[in-house]
Amino acid sequence: MKKTLFITLLFTTVFLQAQKNIYESNKFNSLSKDHKVLAIIPFLTKLDLKENISNEELKSLEEKEGYAVQNALETYFSRGRKKKKYAVDFQNIENTNALLRQHNITYENIDIYTIKQLCKTLNVDGIISGNLDLNILLSKGIPTDFSILDYFNGNSNYGRIGIKVSDGKTGKLLWKYEKKINKKSGKNTTNLIELMMKQATKKFPYEKEKIKDKKKKN
């Protein structure tokens, strides 16, 4: 009985936390009404590792983590697209990255370009981007063994991830979801994205079901 109650409270807490960490612009409907294709770009990553490594190796690892999230998000959205779950399409990330390279936009300098510039370069209506702050290499997997003491001494916290969707014409932020990364977040990058997007599913603005609900209310 106690165990069932604990699990119920845990999932309730996770659900409520997911709602708190989600932002959606009140202009989303008007700004996104003509959206057909979104591009997922590599995530900007900041690593704070315990290992003593060179700056060059650190930058290489940060880039690897950023591309790993881009790939995981494409995998997640591709499955939904096959089920015709979304009202938009997602540009193939190989095409996205190729177009970026053709315009000399690299992982090191992508942050100096505006959303408008990136959308024009990629010929898309919006951008899915984000940030990762990590003290582990998420792509290699995170410790999944459970210890209640870890939650008190901070050893269960591995960083934070933020996913956002921006409009190409105005550059405005349309939607954002932030989440702490810990032992319950998933065992690796793909698993993390799978779990966190499931938590945010009913709040992801391009879900066809959500769009239908909005139309019914209006």
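Refer to the structure above for everything that follows.
Everything numeric in this text was worked out from a predicted model, so none of it was measured.

Q: Outline the overall build of the protein, supporting the account with residue identities and numerical values.
A: Scanning the protein from N- to C-terminus turns up eight helices and seven strands. For the protein, with 218 residues in total, the buried portion stands at 41%. If you take every contact in the protein between residues at least 6 apart in sequence, the share linking residues at least 24 apart comes to 72%.

Q: Provide a residue-level description of the side chain of Thr 121, including the pertinent values.
A: Within the fold, Thr 121 resides in helix H5 (residues 115-122). In this structure the side chain of Thr 121 is engaged in a polar contact, spanning 3.0 Å, whose partner is the backbone oxygen of Gln 117. Those residues in contact with Thr 121, other than ones at most four positions away along the chain, are Leu 99, His 103 and Ile 105.

Q: I'd like a rundown of the pairing of strand S6 (residues 157-167), residues and numbers included.
A: Of the pairings in the sheet, the one linking strand S5 (residues 126-134) to S6 comprises nine bridges and is antiparallel in character. Across the sheet, residue Ile 128 finds its bridge partner in S6, namely Val 165. In this structure, S6 lies alongside strand S7 (residues 173-182), joined through nine bridges in antiparallel fashion. Residue pairing across strands places Asn 157 opposite Asn 182, the latter belonging to S7. The hairpin formed by S6 and S7 contains five residues between the paired strands, and Gly 171 there has a positive phi angle of roughly 80°.

Q: So what about the nonpolar core? Which residues, and what values?
A: Core analysis: the largest hydrophobic core is formed by 37 residues, its most contacted members being Leu 73, Phe 77, Ile 128, Ile 161, Ile 163, Ile 193 and Met 197. Elements with a contribution of two residues or more to this core: strand S2 (37-40), helix H3 (55-82), S5, S6, S7 and helix H7 (189-200). By residue number, the principal contributor to this core is H3, which donates six residues. Ignoring any residue separated from it by four or fewer positions in sequence, one finds Met 197 in contact with Leu 73, Tyr 76, Phe 77, Ile 163, Trp 175 and Phe 204. One finds Ala 39, Ile 110, Cys 119 and Val 124 within the second-largest nonpolar core, a separate group that totals eleven residues.

What counts and how
Residues numbered from 1 in each chain as written. Predicted model: local features only at pLDDT ≥ 70, side-chain atom pairs only at ≥ 80, totals over all residues. Heavy atoms only, no water. Helix = DSSP H or I, 4+ residues; strand = E, 2+ residues; numbered from the N terminus. Buried < 20%, exposed > 50% of the residue type's maximum accessible area, 1.4 Å probe, protein only. Contact = heavy atoms within 4.5 Å. Polar contact = N/O pair within 3.5 Å; in protein donor to acceptor, adjacent residues only side chain to side chain. Pairing = 2+ DSSP bridges. Core = buried A, V, L, I, M, F, W, Y, C linked by side-chain atoms within 4.5 Å.

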